[in-house]
Amino acid sequence: MAHQAHSYHMVDPSPWPIFGAAAALLTTSGLIMWFHYSSTTLLTMGLLSMLLVMLQWWRDVIRESTFQGHHTPTVQKGLRYGMILFITSEAFFFLGFFWAFFHSSLAPTPELGGQWPPTGVKPLNPLEVPLLNTAILLASGVTVTWTHHSITEGNRKQAIHALTLTILLGFYFTALQAMEYHEASFSIADSVYGSTFFVATGFHGLHVIIGSSFLTVCLLRLIKFHFTPNHHFGFEAAAWYWHFVDIIWLFLYMSMYWWGS
Amino acid sequence: MYYKFNGFTQRLVGAAASTAYNPQKADGLPVHLKRGVPDKLLYRTTMALTIGGTIYCLVALYMASQPRSQK
């Protein structure tokens, strides 16, 4: 039987990267078909194949690590670099939208009435639901840290409780935000105010949903004994992502909700 | 099915052991097909969707690029 003389993981040949690329093609061209020809077939196929690829690719990573033991410390180091770089790229993504917001709000044009918020726009009160949402995300940051400590201390029951609480807080945020979107007196079409507000908070909301899903998968894995007190990188990656989502919200709250009102 | 672990090695013993899913079995199967039938079904569904979709996409883009056949 051949043994490797290095601590890296040479993965089995896998179809998911190319299928993932195809799914991206279907999703983007599906958007075009939806916008211009009112057809949702391609888009549905794209989103469905994207979901299938993600499920199977990450299922395989769990098989390779938890069930086959390929994730040596060297491999884990590489994964840590990867997750940090990915989160950094997401930070730059949001930076663009913050740039757009400040570009339009620091020097409001005559078309907006020379003021920010523009004439006729009634912004959301930052001291009502948005402040509650801030408290919710900050609390969820505490509970996810509690979860991590429980895992490293080998306290299974507390870890499950704390992680469940984190996920519930995430869902509460999403529900409140959806309600706010419904109740807002302005829409995305209401000048550059609506554009910057809904695109930035909208993408943030999408990231909350992604983060909540990641944490939910971690909860299932935690219940099924996948994590050990010393090796639980999947959970750490989810926790990093969740803290990132929290920090983005703090910047959104301070700039768009508070200063921008 | 009744599964029994050996107390020391923590490995399955008995009749169930040979048919049970063993992720570390050296059977030459790649990780994405390791469980056998359910993996194969999911893989084929994904492939049908992506490859079929790509062909449909190319046809749709070709049709969209024609100047006359727009509604």
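Reading guide: rules and limits
Residues numbered from 1 in each chain as written. Chains lettered and ligands numbered in written order. Predicted model: local features only at pLDDT ≥ 70, side-chain atom pairs only at ≥ 80, totals over all residues. Heavy atoms only, no water. Helix = DSSP H or I, 4+ residues; strand = E, 2+ residues; numbered from the N terminus. Buried < 20%, exposed > 50% of the residue type's maximum accessible area, 1.4 Å probe, protein only. Contact = heavy atoms within 4.5 Å. Areas by Shrake-Rupley, 256 points an atom, 1.4 Å probe, with all protein chains shown as cover. Lys, Arg positive; Asp, Glu negative; His and termini not counted. Charge placed at Lys NZ, Arg CZ, Asp CG, Glu CD. Buried area = accessible area lost by both parts, 1.4 Å probe. Salt bridge = Lys/Arg side-chain N within 4 Å of Asp/Glu carboxyl O. Polar contact = N/O pair within 3.5 Å; in protein donor to acceptor, adjacent residues only side chain to side chain. Nonpolar A, V, L, I, M, F, W, Y, C, P; charged D, E, K, R; others polar. pLDDT = per-residue confidence, 0-100. Phe/Tyr/Trp six-rings, centres within 6.5 Å; stacked < 30°, edge-to-face > 60°. Lys NZ or Arg CZ within 6 Å of the ring centre and 35° of its normal. Axes fitted to C-alpha atoms, helices over the stretch in contact; angles between N-to-C directions. Parallel < 35°, antiparallel > 145°, perpendicular 65-115°, else oblique. Left-handed = near helix turned anticlockwise from the far one by under 90°.

**Some remarks on the overall build of chain A**
Per the secondary structure count, chain A includes 7 helices and 0 strands. Going from the N terminus to the C terminus, chain A shows its helices and strands as α-α-α-α-α-α-α. Across its three principal directions, the C-alpha atoms of chain A cover 75 × 45 × 30 Å. Within chain A, buried positions represent 43% of all 261 residues. The contacts of chain A with a sequence gap of at least 6 include a subset with a gap of at least 24, amounting to 74%. A total of about 14,100 Å² of accessible surface is found on chain A, and carbon and sulfur atoms cover 72% of it. When the 9 basic and 12 acidic side-chain charges of chain A are each reduced to a single mean position, those positions are 16 Å apart.

**A closer look at the interface of chain B and chain A**
The interface is formed by 26 residues belonging to chain B together with 28 residues belonging to chain A. When chain B packs against chain A, the two sides together hide about 2,300 Å² of surface, and 71% of this comes from carbon and sulfur. Its largest share of buried area at the contact with chain A, chain B owes to B:Val31, B:His32 and B:Leu49, together 27% of the area lost on that side. At the boundary of chain B with chain A, the tally comes to 2 salt bridges. The salt bridge partner of A:Arg63 is B:Asp39, with a shortest N-O separation of 2.7 Å. Taken together, the links from chain B to chain A amount to 8 residue pairs in polar contact (both at pLDDT 80 or more). Of the residues in the side of chain B that touches chain A, the class split is 14 nonpolar, 9 polar and 3 charged.

**Things to note about the side chain of A:His9**
Residue placement: A:His9 occurs in the segment before helix H1 (16-37). With sequence-adjacent residues up to four places away left out, A:His9 is seen in contact with A:Glu64, A:His70, A:His71 and A:Val75.

**Remarks on the side chain of B:Lys34**
Along the chain, the position of B:Lys34 falls in the loop between helix H1 (15-19) and helix H2 (37-64). A distance of 2.7 Å separates a polar atom in the side chain of B:Lys34 from the backbone oxygen of B:Lys25. If we skip the residues at most four places from it in the chain, B:Lys34 touches A:Arg63, A:Gln68, B:Tyr21, B:Asn22, B:Pro23, B:Lys25, B:Asp27, B:Leu29 and B:Asp39.

**Some details on the confidence of the model for chain B**
Put simply, chain B has an average pLDDT of 85, and 87% of its residues get 70 or more. For this predicted complex, the interface score ipTM comes out at 0.84, while the overall pTM is 0.92.

**What about the packing of aromatic side chains?**
Residues and elements named next belong to chain A. Summed over all chains, the structure comprises 30 aromatic pairs over all chains. Centroid distance Phe197 to Phe198: 5.1 Å. Interplanar angle 90°. Geometry classified as edge-to-face. Here Arg156 stacks its cationic end above the ring of Phe225, 3.9 Å away from the centre of that ring.

**Concerning the packing of H1(A) against helix H2 (residues 41-67) of chain A**
All names here are of chain A. Running from N to C, H1 and H2 cross one another at 155°; their axes reach a closest spacing of 7 Å. Taken as axis vectors, H1 and H2 run roughly antiparallel relative to one another. Crossing angle aside, the handedness with which H1 passes H2 is left-handed. Each of Trp16, Pro17, Phe19, Gly20, Ala23, Leu26, Thr27, Ser29, Gly30, Leu31, Met33 and Trp34 in H1 lies in contact with H2, whose residues at this interface are Leu42, Leu43, Met45, Gly46, Leu47, Ser49, Met50, Val53, Gln56, Trp57, Arg59 and Asp60. Here the residues of the contact of H1 with H2 are counted per class, giving 15 nonpolar, 7 polar and 2 charged.

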